[in-house]
Amino acid sequence: MPKSTAKTGGVMAAVQTPTPSTAPGARSWRDYALLLALACCWSSTYPLTKIGLGSIPPITFISARSLVAAAFLLIVLRIRGLRIPTDIKAWKLFAVQQTINSTIPFLVITWAQLYVPASNTVVLASTTPIFAFLITWAITRHEPASLLKLAGAILGLAGTVAIIGLDALAGFGKEIFAEIAILLATISFACATIFGLRLSDYDPMVVAAGSLLFGGTVLLPLALIVDRPWTLHPTPQALAATVTMGIFSSAFGLMLFYMCLTRLGTLTTNAQGYLRIPIGVALSVLLLGEAVPSNLALGLLLVMAGVAAMTVPGEAFKRAVSRMRKR
């Protein structure tokens, strides 16, 4: 895969160039392994957030996990001999990306969950791939938005509904403003996936560190004013969840996210949103002792079909259909 040389705060680092890597023929099993790893990292946010918010308020929790993640990545960058950029252009990109990809949507969803059940929140948040498809097809057109990918997004959403339970749909409309807020947050996630392509000239670890450092620092004053962290008494489990989520979900997760954007493009990267559902459910069962959903098998089948439709290159799909017809 071709590489280019990019500036990372005065240090030249080799990074993947986005255009060749998004070509169907350039993808390999390693790229899809990164997608699965990303889904594993981000699926852990479901049980870890529930544990952390048990004794840590939302603003403090989000700020703390971001700063923990940034500190971890800065140490790794120091070991690698890389530095965070100091120019205004880079920090503007980091600021916009973190704001639309984390700070605003996470705060909005956290507020909305005070009124919307968790099951409904999961279903609404799973519309991100559909919004990403619509934005790509109607506005940006930065990569092919095929009907196969749209079908995959719809199948994945159907699988999510099946896993959470059809009865979850009965509650929609009761808290319409909170539900609209969640949808706006998912649109923000979709826009962040597309905007993230502008950061492909930087090493993924540099982007993740800069974005997390900005997000955690911006929220810190608000946390000090609203939550007064020095008066809190977090449990050891909540502190462990904060650190684990900071390093595993935020640090490694964001780094993998930018790697997937560069290698697979926005629409395929968004497919990990559906993979997170069954993995998150499994972690919730193992870590929190929650019940296994009754429609898990059907949901998994739909989710995997949707992910396959969103990730398999169109040419490969056409060849497979052609071989089936010949038989």
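Here, every reference points to the structure presented above.
Trainee: Kindly report on the overall build of the chain, identifying the contributing residues and their values.
Mentor: Of regular secondary structure, the chain possesses 15 helices and two strands. The long-range share in the chain, meaning contacts at least 24 apart out of those at least 6 apart in sequence, stands at 87%. For the chain, the exposed surface amounts to about 15,600 Å²; the carbon and sulfur share of it is 70%.

Trainee: Run through the packing of aromatic side chains, naming residues and quoting values.
Mentor: For the structure shown, the criterion picks out seven aromatic pairs. Between the aromatic rings of Phe257 and Tyr258, the centroid separation amounts to 5.1 Å while the plane-to-plane angle is 65 degrees, which identifies the pairing as edge-to-face. Looking at Phe257, the relative accessible area reads 3%, which means it is buried. A network of ring pairs unites the aromatic residues Trp42, Phe257 and Tyr258 as a single cluster. Its end group placed over the ring of Phe106, Arg65 keeps NZ or CZ at 4.6 Å from the ring centre.

Trainee: An account of unusual backbone geometry is needed here, citing residue identities and associated values.
Mentor: At Arg141, a position not held by glycine, the phi torsion is positive, near 50 degrees. In this fold, Arg141 is placed in the loop between α7 (128-140) and α8 (147-164). At Arg228, a position not held by glycine, the phi torsion is positive, near 45 degrees. Mapped onto the elements of the fold, Arg228 is located in the loop between α10 (204-226) and α11 (236-264).

Trainee: I'd like a rundown of the pattern of salt bridges, residues and numbers included.
Mentor: By the definition in use, this model includes two salt bridges. The closest approach of N and O atoms between Asp31 and Arg263, which form a salt bridge, is 3.0 Å. Here Asp31, found in helix α2 (residues 29-43), pairs with Arg263, found in helix α11; they are 232 residues apart in sequence, far enough to count as distant. On the basis of relative accessibility, which here comes to 1%, the residue Asp31 falls in the buried class. Between Arg80 and Asp203 there is a salt bridge, with its nearest N and O atoms 3.1 Å apart. Here Arg80, found in helix α4 (residues 58-80), pairs with Asp203, found in the loop between α9 (176-195) and α10; they are 123 residues apart in sequence, far enough to count as distant. Judged by its relative accessible area of 43%, Arg80 is partly exposed.

Trainee: Mind laying out the packing of α4 against α10, listing which residues take part and the relevant values?
Mentor: In contact at an axis separation of 7 Å, α4 and α10 are set at 145 degrees when each is read in the N-to-C sense. Judged by the twist between their axes, the crossing of α4 over α10 is left-handed. Taken together, the residues of the contact of α4 with α10 sort by class into 20 nonpolar, five polar and one charged.

Procedures and definitions
Residues numbered from 1 in each chain as written. Predicted model: local features only at pLDDT ≥ 70, side-chain atom pairs only at ≥ 80, totals over all residues. Heavy atoms only, no water. Helix = DSSP H or I, 4+ residues; strand = E, 2+ residues; numbered from the N terminus. Contact = heavy atoms within 4.5 Å. Areas by Shrake-Rupley, 256 points an atom, 1.4 Å probe, with all protein chains shown as cover. Phe/Tyr/Trp six-rings, centres within 6.5 Å; stacked < 30°, edge-to-face > 60°. Buried < 20%, exposed > 50% of the residue type's maximum accessible area, 1.4 Å probe, protein only. Lys NZ or Arg CZ within 6 Å of the ring centre and 35° of its normal. Salt bridge = Lys/Arg side-chain N within 4 Å of Asp/Glu carboxyl O. Axes fitted to C-alpha atoms, helices over the stretch in contact; angles between N-to-C directions. Left-handed = near helix turned anticlockwise from the far one by under 90°. Nonpolar A, V, L, I, M, F, W, Y, C, P; charged D, E, K, R; others polar.

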